[in-house]
Amino acid sequence: MNKNKPIALFYAISPVHIRNLEILSKKFKNLNFRIVYEPELEWFSKDIIKKYKFECIPFIDSKTSNLFWSGNVRIVIMSTAQIRKPPLNLIQESMMRKIPTVCIEETHQMLLQKHRINNYILPVNYLLVASKFEKNAFIKYGYKKSKVYTVGWPFIKE
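Rules behind the numbers
- Residues numbered from 1 in each chain as written.
- Predicted model: local features only at pLDDT ≥ 70, side-chain atom pairs only at ≥ 80, totals over all residues.
- Heavy atoms only, no water.
- Pairing = 2+ DSSP bridges.
- Helix = DSSP H or I, 4+ residues; strand = E, 2+ residues; numbered from the N terminus.
- Axes fitted to C-alpha atoms, helices over the stretch in contact; angles between N-to-C directions.
- Contact = heavy atoms within 4.5 Å.
- Buried < 20%, exposed > 50% of the residue type's maximum accessible area, 1.4 Å probe, protein only.
- Core = buried A, V, L, I, M, F, W, Y, C linked by side-chain atoms within 4.5 Å.
- Salt bridge = Lys/Arg side-chain N within 4 Å of Asp/Glu carboxyl O.

Another point: the sheet that holds strand E4 (residues 73-78). Strand order in this open sheet of 7 strands is E3-E2-E1-E4-E5-E6-E7, and the pairing throughout is parallel. Every other strand in the sheet has two partners, leaving strand E3 (55-58) and strand E7 (148-150) as the edge strands with one partner each. The average undirected angle you get between the axes of adjacent strands in this sheet is 25°. Bridge analysis of strand E1 (residues 7-11) against E4 gives 5 bridges, and the strand direction is parallel. Along E4, the bridge assignment pairs Tyr11 with Met78. Each of strand E6 (126-129) and E7 is contacted by helix H5 (residues 132-140), which is oriented at about 145° to E6, the strand it contacts most.

Quick look at the structure:
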């Protein structure tokens, strides 16, 4: 890890998110990525964490640690913005520190779930979505048009 690079906190809750981070990190070489995770989830056991090439810091009792914010943290990237304690605390802390949050929709959720499920409810600075259909659905539900961007996923080809 190059200590001079800005840091992106990456909130992961599944192995798919780690795969997505691998894709992002290859394209955003100007950033150091730091995974923040919930240690009670089985795919973030100590044995599995050792295999990740990124620095990994757990939530403690669903709260952020000062270690999350050490160094030059410039952005928080999330693959979900569900109403649960860890993401709520992460967003609250990032807002207090004036660090922008970005959430990346990894599937055509609105289309596939017929608008019944929304895992992107918490207030983030930018929501990157999978398609124009998704963008229009989120705008219909009150998201500001200027905060929702259609990027597709995976939006970066290897």
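Here the narrative resumes.
Attention shifts here to the side chain of Thr101. Assignment of secondary structure puts Thr101 in strand E5 (residues 101-104). Thr101 has contacts with Val76, Ser94, Pro123, Val124, Asn125 and Tyr126, leaving out every residue within four places of it along the chain.

For the rest of this paragraph, the subject is unusual backbone geometry. Positive phi is not limited to glycine here, since Asp61 has a value of about 50°. Relative to the helices and strands, Asp61 is located in the loop between E3 and E4. In the Ramachandran plot, Ser62 falls in the positive-phi region, its phi being about 70° despite a non-glycine side chain. Among the secondary structure elements, Ser62 is positioned in the loop between E3 and E4. Taking the relative accessible area as the measure of exposure, Ser62 reaches 22% and is therefore partly exposed.

Moving on: the nonpolar core. In terms of nonpolar packing, the biggest core is built from 23 residues, with Leu9, Phe68, Trp69 and Leu90 touching the most fellow members. Those elements that provide at least two residues to this core are E1, E4, helix H3 (85-96) and E6. Grouped together as the second largest cluster of nonpolar side chains are 19 residues, Ala8, Ala12, Phe33 and Ile77 included.

As enumerated under the stated definition, the model contains 4 salt bridges in all. The residue Glu22 makes a salt bridge to Lys53 at a minimum N-O spacing of 3.5 Å. Taken together, the positions of Glu22 in helix H1 (residues 15-27) and Lys53 in the loop between helix H2 (46-49) and E3 put the pair 31 residues apart, joining distant regions of the chain. What makes Lys53 exposed here is its relative accessible area of 56%. For Arg84, the salt bridge is made with Glu38, and the minimal N-O distance between the two is 2.6 Å. One end of the pair, Arg84, is in the loop between E4 and H3; the other, Glu38, is in the loop between strand E2 (32-37) and H2, with 46 residues separating them in the sequence. For Glu38, a relative accessible area of 3% translates into the label buried.

Turning our eyes to something else, we now look at the environment of Phe33. The topology assignment puts Phe33 in strand E2. Linking Phe33 and Phe10, residues 23 residues apart in sequence, is a C-alpha distance of 6.6 Å. Look past the residues within four positions of Phe33 in its chain and what remains in contact with it is Ala8, Leu21, Leu24, Ser25, Phe28, Phe54, Glu55 and Ile77.

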